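Listed below, chain by chain, are the residues.
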Amino acid sequence: YGENFAEGVGELHDVFEAKGSKMFGYTDASAEAGYEHEESKTEREGKFIGLVCDMVNQEELADGRIEAWCAQLKTEGFFAGD
């Protein structure tokens, strides 16, 4: 699962981006951020295209990641309704 981590998210991203959607919420995909994957279609230039949580192997990190991501989305204007 580490060799194709969360790939469905990447496929959805590409469809929405191609339709002209504004993209928000890219997150650090590095080992320093605690991720242990080989590759993923969800990763773009070292960032995940949104929040990716591994609820099987890293459930204990999910709450903190969700809180940080929601704060990030606020600063990016996601909840502004544009």
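Just so we're clear, the structure is a prediction, and the values are computed from it rather than from any experiment. (Residues numbered from 1 in each chain as written. Predicted model: local features only at pLDDT ≥ 70, side-chain atom pairs only at ≥ 80, totals over all residues. Heavy atoms only, no water.)

(A) Here's a closer look at the overall build of the protein. Counting secondary structure elements, the protein contains two helices and three strands. In sequence order, the secondary structure elements of the protein are arranged as α-β-β-β-α. Scaling as 2.2 N^0.38, a compact globule of 82 residues should have a C-alpha radius of gyration of about 12 Å, and the protein matches this with 13 Å. Across the 82 residues of the protein, 26% fall into the buried class. Within the protein, residue pairs in contact and separated by at least 24 positions form 52% of the contacts whose partners lie at least 6 positions apart. Total accessible area computed for the protein in this model is approximately 5700 Å², and 52% of it derives from carbon and sulfur atoms. In the protein, the 7 positive side-chain charges and the 19 negative ones have mean positions that sit 9 Å from each other. (Helix = DSSP H or I, 4+ residues; strand = E, 2+ residues; numbered from the N terminus. Rg over C-alpha atoms; globule rule 2.2 N^0.38 Å. Buried < 20%, exposed > 50% of the residue type's maximum accessible area, 1.4 Å probe, protein only. Contact = heavy atoms within 4.5 Å. Areas by Shrake-Rupley, 256 points an atom, 1.4 Å probe, with all protein chains shown as cover. Lys, Arg positive; Asp, Glu negative; His and termini not counted. Charge placed at Lys NZ, Arg CZ, Asp CG, Glu CD.)

(B) Quick look at the side chain of T42. With respect to the element layout, T42 can be found in the loop between β1 (27–28) and β2 (43–44). At 3.5 Å, the side chain of T42 and the backbone nitrogen of G10 are in polar contact. (Polar contact = N/O pair within 3.5 Å; in protein donor to acceptor, adjacent residues only side chain to side chain.)

(C) Here's a closer look at unusual backbone geometry. For E45, which is not glycine, the phi dihedral falls at a positive 50°. Checked against the element boundaries, E45 lands in the loop between β2 and β3 (47–48).

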